[in-house]
Amino acid sequence: MDRIDRSILELLQNDCTMPVAEIARRVGLSTTPCWRRIQKLEEEDVICERVALLSPYKLNVGLTVFMTVKASRHTSAWADDLKSRVENAPQIIELHRLSGGGNDYLLRFVVRDVAEFDQLQRQLMDEVEFADVSTSICLESMKRTTKLPLSNLISPDGNE
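Counting of residues starts from 1 at the beginning of each chain's written sequence and follows it residue by residue. Selection of residues for local features in this predicted model requires a pLDDT of at least 70, selection of side-chain atom pairs for listing and counting requires 80 or more, and totals for whole chains, interfaces and linings are taken over all residues. Side-chain metrics in this entry use all non-hydrogen atoms of the structure; hydrogen atoms and water are not considered.

Draft legend 1. Spatial organisation of the overall build of the chain. Numbering goes from the N terminus for both helices and strands, where a helix is a DSSP run of H or I of at least four residues and a strand is a run of E of at least two. Counting its secondary structure elements, the chain contains five helices and four strands. In the chain, the succession of helices and strands from N to C terminus is α-α-α-β-α-β-β-α-β. Only C-alpha atoms enter the radius of gyration, while the globule expectation follows 2.2 Å times N to the 0.38, with N the number of residues. Over its C-alpha trace the chain gives a radius of gyration of 20 Å, far above what one expects of a compact globule, namely 15 Å for 160 residues. Principal axes of the C-alpha set define a box for the chain whose edges measure 55 × 40 × 25 Å. Working definition: with a 1.4 Å probe on protein chains only, accessible area under 20% of the residue-type maximum means buried, over 50% means exposed, and in between means partly exposed. The proportion of buried residues among the 160 residues of the chain is 28%. Residues counted as positive are Lys and Arg, residues counted as negative are Asp and Glu, and His and the chain ends are not counted. One atom stands in for each charge, and that atom is NZ of Lys, CZ of Arg, CG of Asp or CD of Glu. The distance from the centre of the 20 positive side-chain charges to the centre of the 25 negative ones in the chain is 5 Å.

Draft legend 2. Region of the structure containing the packing of aromatic side chains. Working definition: a ring pair exists when centres of Phe, Tyr or Trp rings (six-membered ring for Trp) sit within 6.5 Å. Plane angles under 30 degrees give stacked, over 60 give edge-to-face, the rest tilted. What the rule picks out here adds up to three aromatic pairs. The interplanar angle of 40° and the centroid separation of 5.6 Å between the aromatic rings of Trp-78 and Tyr-105 together place this pair among those described as tilted. Of the two residues, Trp-78 sits in helix α4 (residues 76–87) while Tyr-105 sits in strand β3 (residues 105–111), which places them 27 residues apart along the sequence. With relative accessibility at 10%, the residue Tyr-105 sits in the buried group. Seen in terms of ring centroids, Trp-78 and Phe-130 are 5.9 Å apart; in terms of plane orientation they differ by 75°. Their pairing is edge-to-face. Taken together, the residues span a long stretch of sequence, with Trp-78 in helix α4 and Phe-130 in strand β4 (residues 130–137) at a distance of 52 residues. Phe-130 shares its class with Trp-78; the two are buried. Three or more aromatic residues link up through ring pairs in this structure, and these residues are Trp-78, Tyr-105 and Phe-130.

Draft legend 3. Quick peek at the pairing of β3. Most of β3 is tucked away: six of the seven residues are buried. Across seven bridges, strand β1 (residues 63–71) lies against β3 in antiparallel orientation. When the bridges of β3 are listed, Phe-66 appears paired with Arg-108. When DSSP finds two or more bridges between a pair of strands, those strands are recorded as paired.

Draft legend 4. How the structure looks around the environment of Ala-115. Here Ala-115 lies in helix α5 (residues 114–127). Separated by 70 residues in sequence, Ala-115 and Asp-45 have C-alpha atoms that sit 39 Å apart.

Draft legend 5. Seen up close, the nonpolar core. One finds Met-67, Leu-107, Phe-109, Leu-124 and Phe-130 to be the most contacted residues of the largest nonpolar core, which totals 19 residues. Those elements giving two or more residues to this core turn out to be β1, α4, β3 and α5. Discounting residues that sit within four places of it in the chain, Phe-130 has contacts with Met-67, Val-69, Lys-70, Ser-72, Trp-78, Leu-82, Leu-124 and Met-125. We call a set of buried Ala, Val, Leu, Ile, Met, Phe, Trp, Tyr and Cys residues a nonpolar core when their side-chain atoms join them within 4.5 Å. Here, residues are in contact when the closest pair of their heavy atoms is within 4.5 Å.

Draft legend 6. Just the side chain of Thr-64, in detail. Tracing the sequence through the fold places Thr-64 in strand β1. Take Thr-64: its relative accessible area is 8%, and that puts it in the buried class. Setting aside chain neighbours within four positions, we find Thr-64 in contact with Arg-108, Phe-109, Val-110, Ser-136, Ile-137 and Cys-138.

Next comes the structure, spelled out in structure tokens:
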């Protein structure tokens, strides 16, 4: 991974619809070598998806709720059950397994309102046995991004 790859990734994180010719121009390559680099980054799963980011407010899912849970059992079967239930709930957009702090999992919900969240939470608690559950409603997203930091990328030979 060199400076040009990092520049390509930065441009794609800002706008994945940017034409290859424009990316090539901005990073100082011709179109074909730039396209090859992008293909290689995709083959290596450095670029794993190209998506459109949508406005939750325009789509009537502007309320974000975080739910932390403690597992009732610490088994892979329990974790797999939770994961499969969450995968079937489109309003739960993130699930993270945690260490420390007393909580085992963090879930992020995007919903229309508190009533919708309450219904989803009750359904999930009926389906999965938790030792403890805590929720927090997001009042303001002060920073929210999908862009990953690229400034620390170094190639395998140690060069930038």
